[in-house]
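Spelled out from the first residue to the last, the chains are:
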Amino acid sequence: MNAGGKMSFDNHSAIDDYIRRSAAERRALEEAITQARARLARAHELERRLAEFEQRLGEYVVSAYTRSEPESPTGKPHEGAG
């Protein structure tokens, strides 16, 4: 400020520059947040699909195992079975 209490042009220009830089930084951060949220949503979707795949695979393995297990001569389950 000068002696009359008014802001000098140099200070006004510096404040405008600061506001412009701050606005640009805010836009960049908002874009980064948007991209991070999109990546997080994609990760959650992949995690869900992986869990579904693991469930189906487990069901397939159990089904294949039970179909291929030979019966005992007595018709009773083998020792140690289920």
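(A) How the structure looks around the overall build of the chain. In terms of helices and strands, the chain carries one helix and zero strands. With the model as given, the accessible surface of the chain reaches about 7700 Å², and the carbon-plus-sulfur share is 58%.

(B) View of a nonpolar patch on the surface. A contiguous nonpolar surface patch, about 510 Å² in accessible area, is contributed by Leu50, Phe53, Leu57, Tyr60 and Val61. Relative to the elements of secondary structure, Phe53 occurs in helix α1 (residues 9–68). Judged by its relative accessible area of 45%, Phe53 falls in the partly exposed class.

Calculation rules
- Residues numbered from 1 in each chain as written.
- Predicted model: local features only at pLDDT ≥ 70, side-chain atom pairs only at ≥ 80, totals over all residues.
- Heavy atoms only, no water.
- Helix = DSSP H or I, 4+ residues; strand = E, 2+ residues; numbered from the N terminus.
- Areas by Shrake-Rupley, 256 points an atom, 1.4 Å probe, with all protein chains shown as cover.
- Patch = residues over 30% accessible without salt bridge, like charges linked within 9 Å, V, L, I, M, F, W, Y side chains within 5 Å.
- Salt bridge = Lys/Arg side-chain N within 4 Å of Asp/Glu carboxyl O.
- Buried < 20%, exposed > 50% of the residue type's maximum accessible area, 1.4 Å probe, protein only.

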